[in-house]
Every structure is written in C-alpha cells, then in structure tokens.
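# Breakdown of the fold
Each chain is listed here by its residues.
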Amino acid sequence: MMKMTGKAFAKKLFGAKYERLPRTLFMDVIVFWGLYIAGAKVQIASFVRVLMISAFTAGVMWQALSSKDNAAELQHMLMLPHRCREFVFSYVGVLGAYTVLTKTGLLLAALLAVSVWKPVEIMGMVICMIHAVLMAAAVYDLRKYWYIGVLWIVVIVAAILLLGSGTWFYLLLLVNSLFAVLILWRADGYVFYQKESKKHPSGIPLCQRLPQRKRAYSAMSGKSHTVRQRKRATLWRYFFRYLICHKNYLLNTAVMWCVALVLPYFLREMAGLSVVPVGFAILSLNTPICILLSCDPDLEQAVRFLPGQKGCFCIPYCLFIFLCNMAADIIFLLSWQIQNGSVTAQMIAGAVFFALQSAVLSVLLEWFYPIRGFKIESDLWHHPRKYVVPVVMLLLAGAVSSCPVLLPVLLALLAVEVTVLWK
C-alpha cells in the first residue's frame, strides 16, 4: 500500500515516466560545474550553510504541503482503504523527495561550487535536508496549535545560530528528526487534505462578474464611465482579497520588506549611487504577486474571454505590482538614509523608474508568456522565469550607471511598454 501510494504521487510530481527528474539533476550538474570552473569562492560559515539549507527546504516543503493542487489526488486516495501511518509517510516522503531533488538540489549545487567544504559535511547537509522535510511536515500537522510550532521553530533556529558550527550539532538534528517522526506517527492523512473552495478568493468569481458588467454596459449606454469606474474598483478589491486569502503571499511580501531593511547594511561597503539600483532589482523578486494569471487559469480564461479586457485588467494589475514594489523601495531608501545617509532625488526617481519598469515587465510576461504545465504551486514560485525581471533590472542598473545617456532611451522604451499594455 505504501509503495503504491508513493508511486501515484511521484508520477504526478515527476511525470508519468519520471522524466522531470533527469532534467533537474542535469541542471544541478550544469550549475555546479559552471560556478566551479568560474573559480569564485566565498567564505560561508557552517551554521550559515545549515540555516540556508534548512530554511529553504522547510519553506518549499511547507509550500508543497499547502498546495491545493494536490487536493483531488488526496481526496481520491483517502476515499480508498488505507493505513494512516503508511499513507502519511509515503506522502511526506514523496513531497520531501520532490523538494530536495528539484528545489534544494539547485541551492546545494551552488553552495558546493562557491564554498570550501569537506566530504564529511555533505552528510551533514543531507541530514539538514531530511530534518527540514520532517520538521516542516510535523509543524504542518500541528498548525492547529500554531504557537507550539512557532516556539519549536524559534528554538531550532536559535540552536543553529548558537551551535551550528559544531559537527556534533547534527546529532541534535537527528534527535529532533526522530521527534518529528513520532509526531507524524500519530498523524492522520486527512490533516494534509485541503478542500478546494468553490468560490474564487475574491468572493465572487471574476468570470461571473465580467458578463454582468457587459450587460450593464449595454443597459447604460450613456453612462459607460460609471461602469468603468466600478470595474476598476472591483479589480482592486479582487487584488487585495486575493492577498488576504493567501496568507503565504502576505508573508512573502513581509519578508521582502525585511530584506529591504537589512539590504543597505550589506551594500554599505559599495556605497554610492551605482549600487542603489542593485537593491531595487533584488526587491523586485516578489514572485507571488507576479504570477496572478499563471496560478489561476480560471481567472486568465475570464480575463481573455471578453474583448478589450487587456487594458482594463493589465493596467490596474501593473499599478498594483508597482505599489507593492514601491513599498519595498521606500523601506529600502529609509533604511539607507538611517544607515548610510545621502538619499538624493536621483535615488528616489530611480526607485520610481525601477518599480514601474519591473511591474510592466512582470505583467507583460504574465500576459504573453504565462507559466503552463506546473505540477503544484511551488513550481510557480521557483520557476526560472522569476529571475528574468530581476536580471533585466540588474542589466539596466549597470547600463544606467556606466552610461547615463541611456536613461532617455529607457524612458522611451517604458512608454512603449505601457502603450502595449493599454492596447
């Protein structure tokens, strides 16, 4: 039973013939070899490496457990006769393998390529990944008693920061993993099942509201401006309700604000105008708000169904992303002023430009190249496309710093992009 359950979930995540796994491992090898032959070396403390691997693995595992894309498969599996313990460990094992092999493997390849390590440390990294998977599943099981999970996480993070440099620390992780196994031993398979909501996160599905507006427009031929105002107001209400209904999206935004607070400290050594746009580019990595159409095919179908919806949807969506980016950029500039001082009008203008440019590029990617064929929501968060806009922003930052004459050209291109969205 355990083998059959694990095989069923593995085929969903890795493909019918596990074709996704060789491609992912090949990509890990390419990343490792490319960084290794580049000769770039970075001194990374042992506890920092443990914290990075543990936090990343646990975060991706939590996303996989929280994904509603597995609801149908879980419902069908739970309807069949099953043994709770076998079902729980097979499900957690498959999701853990998916997390480690397809997501953490890339981070591990980069860390091994740019840092100095000993062969025995690889075993420690493997223990960290297994520990993160088991602990994330156990905390997910205890989410009804969220305060216990938060306290547990705080204790482990403190232990990593204080004791993570010692080799014997991995024994503590093994003991904690055993404790997580005991929690999962008592878990029921239904704890991982999330019932799919029949309503859209905004309250009323957009595909039902748009036809109503179309009928209202025909009935109010002399008051079309009123209909347009209601449409935009409804879209803004949709955006904010979507964030409220997805607490992990709000958490990701809060994390970006925390990054904006501490980023000036790390950029202090390279203080100057040329490095400020680098901070703006890093802060454009707020993935969840940039995949609204990709993660909701029903919304995309509703938006593309009626004529003229491109401008009516894309412009408010672009402004929404722009406001989210500007919030992080403002926090970054305030932190820069407190730590380094000398925030100029040129920096503020750069924040507005980079926030708007990254918002426009994100919406254009979503409209013309939405992500297809993903298995679970975690694939969207970690899709390589998320790095396209930040990389473009970094290139633009370098171009503007080296040749300020290009700024009018970039502004003209931005105007063209906005025109494409409007039409």
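On to the overall build of the protein. When its secondary structure is counted, the protein shows 18 helices and zero strands. Taking all 423 residues of the protein together, 46% fall into the buried category. Taking the contacts inside the protein whose residues are at least 6 apart along the sequence as the reference set, 85% of them involve residues at least 24 apart. As displayed, the protein has an accessible area near 22,400 Å², and 71% of this comes from carbon and sulfur atoms.

Quick look at the confidence of the model for the protein now. Per-residue confidence for the protein gives a mean pLDDT of 76; residues scoring 70 or more make up 76%. Helix 8 (residues 169-185) holds the highest mean pLDDT among the elements of the protein, 89, whereas helix 9 (residues 206-219) holds the lowest, 40.

A full pass over the atoms with the stated rule returns seven cavities of 30 Å³ or more. Counted as a void, the largest cavity has a volume near 150 Å³. What lines the largest cavity is a set of 15 residues, and nearest its centre among them are T287, C290, S362, R385 and K386. Of all the elements in the fold, those that place two or more residues in the lining of the largest cavity are helix 15 (345-368) and helix 17 (388-402). Here the residues of the lining of the largest cavity sort into eight nonpolar, five polar and two charged. Taken as a whole, the second largest cavity spans an internal volume of roughly 50 Å³. As for the second largest cavity, its lining consists of F239, Y242, L243, Y249, P288, I289, L292 and F320. Per-element tally for the lining of the second largest cavity: the top contributor is helix 10 (residues 224-245), with three residues. For the lining of the second largest cavity, a count of residues per class yields eight nonpolar, no polar and no charged.

Moving on to the packing of aromatic side chains. For the structure shown, the criterion picks out 11 aromatic pairs. Both rings, one in F280 and one in F332, keep their centres 5.6 Å apart while their planes meet at 75 degrees; by these two values the pair is edge-to-face. Here the residue F280 occupies a position in helix 12 (residues 276-282), and F332 occupies one in helix 14 (residues 309-339), the gap between them amounting to 52 residues. Across the pair, F332 and F280 agree in class, each one buried. Through pairs of rings, three or more aromatic residues link up here, namely F280, F332, W336, F353 and F354. Sitting over the ring of Y140, R143 keeps its end group 4.0 Å from the ring centre.

Residue position: I330 is located in helix 14. Among the residues examined, I330 registers a relative accessible area of 43% and is labelled partly exposed. The sequence separation of I330 and I348 amounts to 18 residues, and the corresponding C-alpha distance is 8.4 Å.

Cut-offs and rules
- Residues numbered from 1 in each chain as written.
- Predicted model: local features only at pLDDT ≥ 70, side-chain atom pairs only at ≥ 80, totals over all residues.
- Heavy atoms only, no water.
- Helix = DSSP H or I, 4+ residues; strand = E, 2+ residues; numbered from the N terminus.
- Buried < 20%, exposed > 50% of the residue type's maximum accessible area, 1.4 Å probe, protein only.
- Contact = heavy atoms within 4.5 Å.
- Areas by Shrake-Rupley, 256 points an atom, 1.4 Å probe, with all protein chains shown as cover.
- pLDDT = per-residue confidence, 0-100.
- 1 Å grid on protein atoms, 1.4 Å probe; cavity = no way out; pocket = protein on both sides within 12 Å on 5 of 7 lines; lining within 4 Å.
- Points joined across faces, edges and corners; volume = space filled by probe spheres on them.
- Nonpolar A, V, L, I, M, F, W, Y, C, P; charged D, E, K, R; others polar.
- Phe/Tyr/Trp six-rings, centres within 6.5 Å; stacked < 30°, edge-to-face > 60°.
- Lys NZ or Arg CZ within 6 Å of the ring centre and 35° of its normal.

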